[in-house]
Amino acid sequence: MGNSLGKLFTVTSFGESHGRGIGVVIDGCPAGLPLAETDVQKEVDKRRAGRGVASTRRMEEDRVEILSGVFNNRTTGTPVCMIIWNKDTDASAYERTKALLRPGHADYTAFMKYGGFNDYRGGGQFSGRITAGFVMAGAVAKKLLGTIKVETLAHTVEIGGIAAKTATLPAVRKVDATPLKCADADATAKMLLAIEKARGEGDSLGGIIEGIALNVPAGIGEPVFDTLEGDLAKALFAIPAVKGVEFGAGFAAAKMRGSENNDPFVMKRGRITTITNNAGGILGGISNGMPITVRVAVKPTPSIGRPQKTVDIEKMEDVGLEIVGRHDACIVPRAVPVVAAMLAIVLCDHALRAQLIPEVIK
Ligand SMILES: Cc1cc2nc3c(=O)[nH]c(=O)nc-3n(C[C@H](O)[C@H](O)[C@H](O)COP(=O)(O)O)c2cc1C
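If you're wondering where the values come from, they're calculated on a predicted model, not measured in any experiment.

Participant: Honestly, the overall build of the protein chain in this entry has me stumped. Any pointers?
Facilitator: Each helix and strand in the protein chain was counted, giving 9 helices and 18 strands. Here the C-alpha atoms of the protein chain give a radius of gyration of 21 Å, agreeing with the 21 Å that 2.2 N^0.38 yields for 362 residues. The C-alpha extent of the protein chain, read off along each of the three principal axes, is 65 × 50 × 35 Å. A buried classification covers 44% of the 362 residues belonging to the protein chain.

In structure tokens, the structure reads:
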């Protein structure tokens, strides 16, 4: 059990890759928020398959339906249930190889945990497809955060070891129009070539996504266990393929001196701010009013075209595996809107806990 996230804005994820559908239920969404299916669809379309070189071969419409919690175009305060029905669900490739544990996937761990009763088709609930539900919940969270001017953004900063140069905020806001959701056009060209090369070699690439939250007021976060870092990291690690999360200077801080890492305080237009932001906007698990910055490491796509060694769990013997199903050579761009959604979900929960957002939006 562990499919719900958040204390006051509680998001429950459901569904499997090749089942009837995938979606979320949000309990605790304030009443009175204007909400239409198009608001949610707009966000879901950002993570859609089928765009450019890095994308999966699974092509489907991903049309959002709001089943409950909205009346006369406003939230009612009751659970908001949103679903996308699965349509393009050819599972034949998975049937043939269902006993073969795909390296880098959750096949083995899920088998051990659920005694083999798990839906293995397309990775079941471990599929990247469940993140469409995260993005649906994120769309609602973003609208709620908009009422207090908080904005969450994300962009690709590295793929296959090719790093983008530091981006300006206006450029980050426009990454949805770029092929890899990266603000650096020169780096994008190199990343695209690297992805194509890896794909040609039957391989895959990983990368790094930066998440940013702007205008988060100082003082949100619930020490000692529900710190902002802790809750954000928990949400980000729920994204399949995420293997690392660091805030501000992150692991680089381990190599710094205190004199380099400390962010000096300074008054700016009547407000306390810091000159640098090595803390990534969080001190003591509480927001300090600076932008929250987080870097998320995404591993290379586990499904690769090359023959791999594995074990047949029915026969309990070593075998060779060739994956013929649909897979992305790099999933980083598709995970970018998911990172922004996760930031929004957690910040919305904490904003409600800090009573910055009321129970009824007027
Ligand atoms: C948006 C998104 C799409 C994904 N698509 C694929 C895919 O096409 N092929 C694949 O092998 N893994 C894909 N993954 C990653 C796997 O779901 C994930 O690596 C696997 O379930 C094991 O979980 P873990 O990497 O978190 O340990 C995707 C992940 C995300 C976030």
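Now that the structure has been shown, the text picks up again.
Participant: What is the right way to look at the nonpolar core in this model?
Facilitator: Generally speaking, nonpolar side chains in soluble globular proteins are found buried as a group. Ranked by internal contacts, the top residues of the largest apolar core, which has 87 residues, are V339, M342 and I345. For this core, the element with the most residues is helix α9 (residues 332–353), which contributes 16 residues. When neighbours within four sequence positions are excluded, I345 is seen to be in contact with L5, G6, F9, V11, A137, G138, A141 and A235.

Participant: For this particular structure, what's the right way to read the environment of E151?
Facilitator: Inspection of the secondary structure puts E151 in strand β8 (residues 151–159). Along the sequence, E151 and V172 sit 21 residues apart, while their C-alpha atoms lie 12 Å from each other. Setting aside residues up to four positions removed in sequence, E151 forms contacts with L214 and N215.

Participant: Is there a simple way to explain the sheet that holds strand β11 (residues 242–247) in this structure?
Facilitator: Across a sheet, paired strands are connected by hydrogen bonds in the backbone, their directions being either parallel or antiparallel. If you walk across this open sheet you meet the 5 strands as β9-β8-β10-β16-β11, and the pairing is antiparallel. Each of the sheet's edge strands pairs with one partner strand only, and the pair in question is β9 (162–163) and β11. Relative to strand β16 (residues 292–298), strand β10 (residues 207–214) runs antiparallel, the two sharing 7 bridges. Counted as the bridge partner of G211 is V294 from β16.

Participant: Would you take a moment to explain the packing of helix α4 (residues 131–146) against α9 for this structure?
Facilitator: Packed helices, taken two at a time, are described by the angle their axes make and the gap between the axes. One can describe the packing of α4 onto α9 by two numbers: an axis separation of 7 Å at closest approach and a directional angle of 50 degrees. With respect to each other, α4 and α9 are oriented oblique. Once α4 is placed against α9, the crossing between them reads as left-handed. Contact residues: α4 offers T131, F134, V135, A137, G138, A141, K142, L144 and L145, while α9 offers P337, V338, A340, A341, M342, A344, I345, L347, C348 and A351.

Participant: Explain unusual backbone geometry here, please?
Facilitator: Keep in mind that most residues, glycine aside, have a negative phi and that most peptide bonds are trans. Of note, the bond from P223 into V224 is cis; its omega dihedral lies within 30 degrees of zero at 5 degrees. With respect to the helices and strands, V224 occurs in the loop between β10 and α7 (228–237). For R269, which is not glycine, the phi dihedral falls at a positive 45 degrees. Tracing the chain through its elements places R269 in the loop between β12 (265–268) and β13 (271–274).

Participant: Is there a simple way to explain the sheet that holds strand β7 (residues 80–85) in this structure?
Facilitator: Spatially, the 5 strands line up as an open sheet ordered β1-β2-β3-β7-β4, and their pairing is antiparallel. In this open sheet, the two strands that pair with only one neighbour each are β1 (4–5) and β4 (64–68). As defined by bridge partners, β1 adjoins strand β2 (residues 10–15) across 2 bridges and the pair is classed as antiparallel. Counted as the bridge partner of L5 is V11 from β2.

Participant: Even after reading the chapter, I still don't get the pairing of β7, so can you show me in this structure?
Facilitator: Side-chain direction in a regular strand flips from residue to residue, so the side chains alternate between the two faces of the sheet. Note that strand β3 (residues 21–27) and β7 share 6 bridges and pair antiparallel. The residue bridging V25 from the neighbouring strand is C81, located in β7. Pairing analysis gives 4 bridges linking β4 to β7, with the strands arranged antiparallel. Considered in β7, the bridge of E65 is made with I83.

Participant: Looking at this structure, I do not really get the site of the ligand. What am I missing?
Facilitator: The environment of the ligand is made up of 21 residues, and the closest members are F126, G128, P240, A241 and S303. Residue composition of the shell around the ligand, by class: 9 nonpolar, 9 polar and 3 charged.

Participant: So what exactly am I meant to see when it comes to helix α1 (residues 37–45) here?
Facilitator: Think of an α-helix as 3.6 residues a turn; residues three or four steps apart then line up on the same face. If you check which residues of α1 are buried, you get V40, E43 and V44. Projected down its long axis, α1 shows its buried positions confined to an angular sector of 100 degrees, all on one face. In this fold, the buried residues of α1 make contact with β4, β7, α4 and α9.

Participant: Is there a simple way to think about the packing of α7 against α9 in this case?
Facilitator: Between α7 and α9, whose axes approach to 9 Å, the crossing angle comes to 140 degrees. As the angle between them shows, α7 and α9 are arranged oblique. Handedness of the α7/α9 crossing: right-handed. Every residue of α9 that contacts α7 at L228, D231, L232, A235 and L236 is listed here: V339, M342, L343, I345, V346 and H350. When the residues that make up the contact of α7 with α9 are grouped by side-chain class, the tally is 9 nonpolar, 1 polar and 1 charged.

Participant: Help me understand the confidence of the model for the protein chain in this model?
Facilitator: In low-pLDDT regions, the fine details of the predicted coordinates are not to be read closely. Looking at the protein chain, the pLDDT average stands at 94 and 96% of residues meet or exceed 70. Below a pLDDT of 50 lies the segment residues 49–54, which in the model reaches 16 contacts outside its immediate sequence neighbourhood of four places, other chains included.

Participant: Where do I start with the environment of A187 in this structure?
Facilitator: Among the structural elements, A187 can be located in helix α6 (residues 185–200). A tally of 20 C-beta atoms within 10 Å means that A187 is categorised as buried. In sequence terms A187 and A164 are 23 residues apart; their C-alpha atoms lie 5.4 Å from each other. Once residues lying within four places of it in the same chain are set aside, the contact partners of A187 are I162, A163, A164, K165 and C182.

Definitions and limits used
- Residues numbered from 1 in each chain as written.
- Predicted model: local features only at pLDDT ≥ 70, side-chain atom pairs only at ≥ 80, totals over all residues.
- Helix = DSSP H or I, 4+ residues; strand = E, 2+ residues; numbered from the N terminus.
- Rg over C-alpha atoms; globule rule 2.2 N^0.38 Å.
- Buried ≥ 20, exposed ≤ 12 C-beta atoms within 10 Å, placed from the backbone.
- Core = buried A, V, L, I, M, F, W, Y, C linked by C-beta atoms within 7 Å.
- Contact = placed C-beta atoms within 7 Å.
- Pairing = 2+ DSSP bridges.
- Axes fitted to C-alpha atoms, helices over the stretch in contact; angles between N-to-C directions.
- Parallel < 35°, antiparallel > 145°, perpendicular 65-115°, else oblique.
- Left-handed = near helix turned anticlockwise from the far one by under 90°.
- Near = placed C-beta within 6 Å.
- Nonpolar A, V, L, I, M, F, W, Y, C, P; charged D, E, K, R; others polar.
- Arc of directions from axis to C-beta.
- pLDDT = per-residue confidence, 0-100.

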